[in-house]
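Structural overview
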Amino acid sequence: MPELPEVEAARRAIEEHCLGKKITRCSAAEDPKVIDGVSPSDFESSLVGKTILAALRKGKNLWLRLDSPPFPTFQFGMTGAIYIKGVAVTKYKRSAVSSTDEWPSKYSKVFIELDDGLELSFTDKRRFAKVRLLEDPESVPPISELGPDALNELMQVNEFVDSLSKKKIAIKALLLDQSYISGIGNWIADEVLYQARIHPLQIASSLSRESCESLHRCMEEVSIYNHVIQLAVEVDADSSHFPIEWLFHFRWGKKFGKVNGKKIDFITAGGRTSAYVPELQKLKGNQSEKVRQSKSRKVMSDKNSHDQEESESSDREEEESKEAPKSKKSENATGGTKKRQKKLNDADDNGDKPQKPTKGRTKKQANMAKNSSNKRTKSGQASPPQKRKARK
C-alpha cells in the first residue's frame, strides 16, 4: 500500500502546481465506501469556488487547506493515488494508472479542475481509501490518533532508545503501529530492519543500544545508503531510483530470491508478510534460545508422530491379516446354511420326511417341517418307507 514516501510525493506535487488556484469544478464518485460521511453533491459544493492554500500531510494521510473550511482529507488505503494531468507524480508499484487510460480514470473518486485548466484526480482501484470533509482534520480521528510523523517529527535518538526499552512487542509490529510512529508501512519497516540488521520478530525491549541507534539512523537522513525514508521521499518514491542494494527490489512476489548474494525469506510479523535475510537478521538473546528449543521440540514431535503412524499402520496390517481367514470361514458357513435351507424346502415340496434340525437350521424351520409331517399322518398318508413295508 502507499506509504509515507508516496503520500509525501503527492503532497509536494500539489504544493508545487496547485497552491493559490481556485477550484472551478469538482466531481465526487457515487461510492459511499470511499466518499465517507458526506454525499457527493455536498462534497462538490463545499469545494467549488474555494482556493487551495496548502497541502498538508501526517503519516499516510493528506489534506488540502482551503480559504475556508471544511477541508478535504485523503486516507490512501491500499491503492489510493493522486494524479495531476500532465505532471509526473509518483506511481506506486501496485496502484499506477496508465497514461494511456481515459481521463479521468474509471477509478477516479474525486476529480478537481482549477481556474488555470489544471486537473487532478484521486483514484483508488481497490476501494479501501477514505475521502472525508472535516472542519479541523488534525483534531479528529484518524489524524488526531497518529504518533509523530516518521519524516518530520522523528524522536531524538536518546528518546527513541528509551522508548524501545519499554516496548515488549516485536519490533516489526511496533514500527507498523501508526499510533507509535506514523507513516511507516510494510516495505519501509522491512527495509529499515534489513539495513539495521534486526530480525522482524525481535522484541523491542531486548534490542541493544547499538541496534536501536542503528535503526534510528536508518529512519533519518545520515547517508545515501543508510537512511531509507528521506531518500525515498527525495526521489518522489520512484523505486527505480532506490539504491540497488535495497531489499525493496527483491522482496516482491515471495520468490525467495537473493539480495547481495544472500537468501531472502518470508515470515509473518505484525500481521503482515515480512521479507528478511536470515543470514544477516538473527534473533538474539533469550529469543534465539527459545527458537532453537522450539525447533528441537518440533523435530522430536514430527519424529514421534512419524513413528506412531508407522506403528498404527503395522497394527492395522496385522489385524487385517487375522481377519481375512475368519471372513472366508464365515462366508463358507453362510453358504452351507443356505444349501441346507434349500434341501429342507425341497423336502417339504416333495412330501419327504423332514430331517432333524441340524447346525445352521433355525427352530422355526424345524417346527414347520414337523407340522407338515403331522398333517400327512392325520390324513392317512403313509410315508414312503411304510408303503414299501405293506407291499411285502
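Shown above is the structure to which this text applies.
Bear in mind that the values here come from a model prediction, so they are computed numbers and not experimental data. (Residues numbered from 1 in each chain as written. Predicted model: local features only at pLDDT ≥ 70, side-chain atom pairs only at ≥ 80, totals over all residues. Heavy atoms only, no water.)

1. Details of the overall build of the protein chain
Along its length, the protein chain carries 10 helices and 12 strands. Put simply, the protein chain has 392 residues, and 42% of those count as buried. For the protein chain, the share of sequence-separated contacts (at least 6 apart) that also reach a separation of at least 24 residues comes to 62%. A total accessible area of about 22,300 Å² is found for the protein chain, and carbon and sulfur atoms account for 48% of it. (Helix = DSSP H or I, 4+ residues; strand = E, 2+ residues; numbered from the N terminus. Buried < 20%, exposed > 50% of the residue type's maximum accessible area, 1.4 Å probe, protein only. Contact = heavy atoms within 4.5 Å. Areas by Shrake-Rupley, 256 points an atom, 1.4 Å probe, with all protein chains shown as cover.)

2. Digging into the nonpolar core
If you look at the biggest cluster of nonpolar residues, it comprises 33 residues, and the most contacted ones within it are Phe43, Ile84 and Val110. With 4 residues, helix α1 (residues 4-17) is the largest single contributor of residues to this core. Each residue touching valine 110, except ones within four places of it in the same chain, is listed here: Cys26, Ser27, Ile35, Phe43, Phe74, Leu120, Ser121, Phe122 and Val131. Within the second largest apolar cluster, 29 residues are counted, among which are Ile181, Ala189, Leu193 and Trp246. (Core = buried A, V, L, I, M, F, W, Y, C linked by side-chain atoms within 4.5 Å.)

3. Topic: the packing of aromatic side chains
Using the criterion set out here, one finds 2 aromatic pairs in the structure. Considering the side-chain rings of phenylalanine 74 and phenylalanine 122, the 5.1 Å spacing of their centres and the 45° angle between planes classify their relative orientation as tilted. Of this pair, phenylalanine 74 sits in strand β4 (residues 71-75) while phenylalanine 122 sits in strand β7 (residues 119-124), and the two are 48 residues apart along the sequence. Accessibility expressed as a relative area gives 3% for phenylalanine 74, which makes it buried. Note on phenylalanine 76 and phenylalanine 122: the rings are 5.4 Å apart at their centroids and 80° apart in plane angle, and the pair reads as edge-to-face. In this pair, phenylalanine 76 is assigned in the loop between β4 and β5 (80-84) and phenylalanine 122 in strand β7, connecting sequence segments 46 residues apart. Of the two residues examined, phenylalanine 76 and phenylalanine 122, each falls in the buried class. Ring-pair connections join several aromatic residues into one group, and the members of that group are Phe74, Phe76 and Phe122. When the ring centre of phenylalanine 128 is taken as origin, the NZ or CZ atom of lysine 33, which lies over that ring, is 4.8 Å away. (Phe/Tyr/Trp six-rings, centres within 6.5 Å; stacked < 30°, edge-to-face > 60°. Lys NZ or Arg CZ within 6 Å of the ring centre and 35° of its normal.)

4. Some words on the sheet that holds β5
Taken in spatial order, the 4 strands line up as β1-β6-β7-β5 in an open sheet, and their pairing is antiparallel. In this open sheet, the two edge strands, each paired with only one partner strand, are β1 (23-28) and β5. The mean inter-strand angle of the sheet, taken between neighbouring strand axes irrespective of direction, is 10°. Pairing geometry for β1 and strand β6 (residues 108-114), over 5 bridges, is antiparallel. (Pairing = 2+ DSSP bridges. Axes fitted to C-alpha atoms, helices over the stretch in contact; angles between N-to-C directions.)

5. What about the pattern of salt bridges?
A complete count under the given rule lists 15 salt bridges for this structure. A salt bridge links arginine 127 to aspartate 31, with the nearest nitrogen and oxygen atoms 2.9 Å apart. Here arginine 127 is found in the loop between β7 and β8 (130-134), whereas its partner aspartate 31 is found in the loop between β1 and α2 (40-47), with 96 residues between them in sequence. Relative accessible area serves as the criterion here: at 35%, arginine 127 is assigned to the partly exposed category. On the basis of relative accessible area, aspartate 31 is assigned to the buried category, the value being 8%. (Salt bridge = Lys/Arg side-chain N within 4 Å of Asp/Glu carboxyl O.)

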